[in-house]
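Summary of structural features
Here is what each chain is made of, one letter per residue.
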Amino acid sequence: MSGSHGPRTRLLLEGPIAGTLLRLAWPNVLVMLAQASTGLIETWWVSRLGNDALAGMALVFPGVMLMQMVSGGAMGGGISSAIARALGGGRREEADALVLHALVINLTLGAVCSGLMLIFGPTLYRALGGEGGSLDAALRYSNVVFAGNVLLWAMNALASVIRGTGNMMLPALVTCGGVVLLIPLSPCLIFGIGPFPALGVAGGGAALLLFYAGGTAVLAWYVASGRNLAGFRRTRLRWPLFRTILGVGAVAAISSLQTNLTVALTTALVGSGGGPDAVAGYGTGARLEYLLVPLVFGFGAPLVALVGTNIGAGQQRRALRVALVGGGMAFAMTETIGLAAALWPEAWLGLFGADPRMLATGSAYLRSVGPAYGFFGLGLALYFASQGAGRLLWPLAAGLVRLIIAVGGGWLMLRLTGSLGWMFAALALGLVVYGLSLLVAVASGTWFKPARRRWSKATGDAAVDVQDMAVDEVGGR
């Protein structure tokens, strides 16, 4: 079979695991750092507008990150996984046809999500504790970002198509180039520097949309040019190809929803216990937790490609080793960040403001939850590896347990003690359980056990069909 594969696919199937993973990951880590920095750049400039603007962004941020995680991490992982498995199995025409299907899925979902956020945004932000100036800032920022959010979905669909072939470099270069332009553009639109209008907090959102538009144009040109291993092909739309992507992406989207729902609900708890200033502090601290998601995605996208390609080629043992090596690397990276944040919280928080209440709440959060960041990184890496395998039951279950511990336990601690510190301890416990439960599940070989039909009834036939396909390919049936 390997003789029919190109050099890039053979590297995924035969190259040294750690070396290949690092080779693929470093440009992707770079691109994720660059992409995450877009939010940090915005936040730093918006913090100059005052605490209401900072709190307003904290209210909108879970929704923005949900769109990024679902479009790039969940549906993006489904796209990359489907293309990687097609190329690993030598099915080039199928990989080409999947490109069009990927764009249709992401563009449709992007338009639906934009409409929902524009209609229900005000209700959501009030429920999360927004009021007065913070609510006004949240709406002005949200309305701009979500009006053009379909551009983010298009860009991530194309980037995922390219990453599914094992090419991590081009998306990295495109994103880094966009960030270079974003650094001066964001303050120009926020404060009205030079010929630009002063849009206030909405200016940060407008700058982001320009970044997404440019990235989409460049990536679309590359795929259309024929340089990518999977290119545009005129083909009729077929449900089996939609199902191949959605069987992984739709289930993964539930996992992304769990992560963002956890932060959104705990933001509401903090607001009920400490008010808008505490929300600003927690939101600023939790932004570092969100930064871990794109950092781990730097390893996650190569994990999807490596695991998916090896499973497509029937190399079960190698796929499992790839997952465990990647999980260990992600743990080391995120635990280092978490420990540094716990030891020196104001080094991070001070970048965004000096309000004593904001600093106190953010520091309490980072001291409690920072040391558990490594388990969050471990769980995320294994989640991405599970996307490549097309087996997402355990990541979904682990995310649900984390949600219950963090929100339910946090609410109970806040009710019993009135202390945000004890609530943050519940958040830390949720992360530890999330990472360890996924490690035990993956290491025990759960990917390669037959899918249960009752899971089909609960989640739909799509997820099971993809799981069965993965097992069939591994077993050579």
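Here the structure is a predicted model, which means the values were calculated and not measured. (Residues numbered from 1 in each chain as written. Predicted model: local features only at pLDDT ≥ 70, side-chain atom pairs only at ≥ 80, totals over all residues. Heavy atoms only, no water.)

**Let's talk about the overall build of the protein**
Stated precisely, the cut-off is as follows: The secondary structure listing takes helices from DSSP runs of H or I that are at least 4 residues long and strands from runs of E that are at least 2 residues long, numbered from the N terminus. Residue exposure (1.4 Å probe, protein chains only): buried if accessible area is under 20% of the type maximum, exposed if over 50%, otherwise partly exposed. Contact criterion: two residues are considered in contact whenever any of their non-hydrogen atoms come within 4.5 Å of each other. The Shrake-Rupley method, run with a 1.4 Å probe sphere, supplies the accessible areas, and residue values consider only the shown protein chains as cover.
On a plain count of helices and strands, the protein comes out with 18 helices and 0 strands. For the protein, buried positions account for 60% of its 477 residues. Taking all contacts inside the protein whose residues are at least 6 apart in sequence as the whole, residues at least 24 apart take part in 83%. When the accessible surface of the protein is split by element, carbon and sulfur atoms take 67% of a total near 17300 Å².

**Considerations on the packing of helix H4 (residues 92–127) against helix H6 (residues 150–163)**
Rules: Each axis is a line fitted through C-alpha atoms, taken for helices only over the stretch in contact, and angles between the N-to-C directions span 0 to 180 degrees. For classification purposes, angles smaller than 35 degrees are called roughly parallel, those larger than 145 roughly antiparallel, those between 65 and 115 roughly perpendicular, and all remaining angles oblique. Put simply, a crossing is left-handed when the front helix is turned counterclockwise from the back one by less than a right angle, and right-handed when it is turned clockwise. The nonpolar class holds Ala, Val, Leu, Ile, Met, Phe, Trp, Tyr, Cys and Pro. Asp, Glu, Lys and Arg form the charged class, and all remaining residues, Gly among them, are polar.
Interaxial distance between H4 and H6 falls to 8 Å at its minimum, and their mutual angle equals 155°. As judged from the angle between their axes, H4 and H6 are roughly antiparallel. Considering the relative orientation of H4 and H6, their crossing is right-handed. Counting all contacts with H4, which are made through Val-99, Ala-102, Leu-103, Asn-106, Leu-107, Leu-109, Gly-110, Ala-111, Cys-113 and Ser-114, the residues of H6 involved are Val-150, Trp-153, Ala-154, Asn-156, Ala-157, Leu-158 and Val-161. When the residues that make up the contact of H4 with H6 are grouped by side-chain class, the tally is 13 nonpolar, 4 polar and no charged.

**Some points on the nonpolar core**
Worth spelling out the cut-off: In these notes, a set of buried Ala, Val, Leu, Ile, Met, Phe, Trp, Tyr and Cys residues joined through side-chain atoms within 4.5 Å is what counts as a nonpolar core.
By size, the foremost hydrophobic cluster in this structure holds 142 residues, and its most contacted members are Tyr-125 and Tyr-365. Examining the composition of this core, we find that 20 residues originate from one element, helix H10 (residues 276–312), more than from any other. For Tyr-125, the residues in contact, after removing those within four places along its chain, are Leu-59, Val-60, Met-117, Gly-130, Leu-135, Ala-138, Leu-139, Ser-142 and Phe-146.

**A look at empty space enclosed by the protein**
Note the threshold: Cavities and pockets were defined on a 1 Å grid built over protein atoms only: a cavity is a set of grid points that admits a 1.4 Å probe from which the probe cannot escape, a pocket is an open set flanked by protein on both sides within 12 Å along at least five of seven lines, and lining residues are those with an atom within 4 Å of any such point. Grid points are joined across faces, edges and corners, and a volume is the space filled by probe spheres set on the points.
If you walk through the whole model with that rule in mind, you get 7 cavities of 30 Å³ or more. Considering only enclosed or pocket space, the second largest cavity measures out at about 60 Å³ in volume. Looking at the second largest cavity, the residues that line it are Thr-262, Val-263, Thr-266, Tyr-282, Glu-289, Val-369, Arg-402, Ala-406, Leu-427 and Leu-431. A per-element tally of the lining of the second largest cavity places helix H9 (residues 239–274) first, with 3 residues.

**Observations concerning the packing of aromatic side chains**
What counts is decided by this rule: When two rings of Phe, Tyr or Trp (its six-membered ring) have centres within 6.5 Å they constitute a pair, described as stacked for plane angles under 30 degrees, edge-to-face for angles over 60, and tilted for the intermediate range.
Under the definition given, this model contains 8 aromatic pairs. Look at Phe-211 and Tyr-212: their rings are 5.6 Å apart centre to centre, the planes differ by 50°, and that puts the pair in the tilted class. An identical accessibility class is assigned to Phe-211 and Tyr-212; each is buried. Pairing Tyr-282 with Phe-424 gives two aromatic rings, centres 5.9 Å apart and planes at 10°, and the pair type is stacked. With Tyr-282 in helix H10 and Phe-424 in helix H16 (residues 420–443), this pair connects stretches of sequence that are 142 residues apart. In terms of burial, Tyr-282 and Phe-424 fall into one category: buried. Members of the aromatic cluster, joined through ring pairs, are Tyr-282, Tyr-365 and Phe-424.

**Here we look at the pattern of salt bridges**
How we decide: One side-chain nitrogen of Lys or Arg within 4 Å of one carboxyl oxygen of Asp or Glu is enough to make a salt bridge.
For the structure shown, the criterion picks out 5 salt bridges. The salt bridge involving Arg-233 is made with Asp-96; its shortest N-O contact spans 3.0 Å. Linking Arg-233 in the loop between helix H8 (201–224) and H9 with Asp-96 in helix H4, this pair joins segments that are 137 residues apart in sequence. Here Asp-136 ties to Arg-140 by a salt bridge, and the two come within 2.9 Å at their closest N and O atoms.

**A word on a nonpolar patch on the surface**
As a reminder of what qualifies: Patch members must show over 30% relative accessible area and no salt bridge, and they are joined within 9 Å when carrying like charges or within 5 Å when they are nonpolar side chains of Val, Leu, Ile, Met, Phe, Trp or Tyr.
Taken together, the side chains of Val-112, Leu-116, Leu-118, Ile-119 and Phe-120 define a hydrophobic patch exposed on the protein surface, amounting to about 480 Å² of accessible area. When you line up the elements, Phe-120 lands in helix H4.

**Overview of H9**
Rules: Expected span, for any helix, means 1.5 Å times one less than how many residues it has. Think of it this way: the bend at a residue is just the angle between two axes, each fitted to seven residues, one set ending at that residue and the other starting at it.
With 36 residues, H9 should cover 52 Å at 1.5 Å per step; its first-to-last C-alpha distance of 49 Å lies within 8% of that length. Along H9, the helix axis deviates most sharply at Leu-246, where the bend reaches about 40°. Directly beyond the C-terminal end of H9, a positive phi value near 85° is found at Gly-275.

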